Amino acid sequence: MGFVGRWFVTAIACAAAIWIVPGIEAVGGSWAGPIMCALSLALLNATIKPVLQVLALPFTVATLGIFYVVVNALLLELASSLSLGIFGAGVAIESFGSALLGAVIISLVSMLVGGAVGDD
């Protein structure tokens, strides 16, 4: 699956996070918000996430992998602010706790939907 397929899967996962997590809301339309946030998140995951994973490796090892969720929440916060700033559409996140829960939901839904459509 290429970039467009991953973007589609991430957009579905962002829409699920908006629907499930009370502190996350779509801005700019019920479909445009998740799509633009998913685009920002996909670009950040491709560029910045590997660097953050290497920098956070000592914390991730010390917490037996739990800190990896914090890295995902930070990237979700960054993707939210980038999509709202650049595209004018995205998701608004009220607190870091909402971002943390949203990151967990996005990870789980992405895994399930990606597995259903044949993502590697």
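Report on the accompanying structure. By convention here, each chain's residues receive numbers from 1 onward along its written sequence. Local features in this predicted model are restricted to residues whose pLDDT is 70 or higher, and side-chain atom pairs enter the listing and the counts only when it is 80 or higher, whereas totals over whole chains, interfaces and linings include all residues. Calculated side-chain values reflect all of the structure's heavy atoms, with hydrogen atoms and water omitted.

### Examining the environment of Trp-7
Consideration 1: Here a strand is any run of E in DSSP of at least two residues, a helix any run of H or I of at least four, and the numbering for each starts at the N terminus. Relative to the helices and strands, Trp-7 resides in helix 1 (residues 3-20).
Consideration 2: Owing to a relative accessible area of 23%, Trp-7 belongs among the partly exposed residues under this scheme.
Consideration 3: Considered as a pair, Trp-7 and Ala-17 are 10 residues apart in the sequence and their alpha carbons are 15 Å apart.
Consideration 4: Within the structure, the side chain of Trp-7 is placed 3.0 Å from the backbone oxygen of Ile-35, a separation counted as a polar contact. For every residue, the accessible area (1.4 Å probe, protein chains only) is compared with the maximum for its type, and the residue is labelled buried under 20%, exposed over 50%, or partly exposed between those bounds. Under the rule applied, a polar contact is a pair of N or O atoms within 3.5 Å (in protein, one hydrogen donor and one hydrogen acceptor; residues adjacent in sequence only if both atoms are side-chain atoms).

### Observations regarding the packing of aromatic side chains
Consideration 1: Within 6.5 Å between ring centres, the rings of Phe, Tyr and Trp (the latter by its six-membered ring) count as paired, and their orientation is classed by plane angle as stacked under 30 degrees, edge-to-face over 60, tilted in between. For the structure on display, the rule yields 2 aromatic pairs.
Consideration 2: The interplanar angle of 35 degrees and the centroid separation of 6.5 Å between the aromatic rings of Phe-3 and Trp-7 together place this pair among those described as tilted. With Phe-3 and Trp-7 both in helix 1 and 4 residues apart, the pair spans about one turn of that helix.
Consideration 3: With a centroid separation of 5.4 Å and an interplanar angle of 40 degrees, the aromatic rings of Phe-59 and Phe-67 are classed as tilted.
Consideration 4: On the accessibility criterion, Phe-59 (51% relative accessible area) is exposed.
Consideration 5: By relative accessible area, which is 25% here, Phe-67 ends up partly exposed.

Limitation: the analysis is restricted to geometry and does not speak to function.
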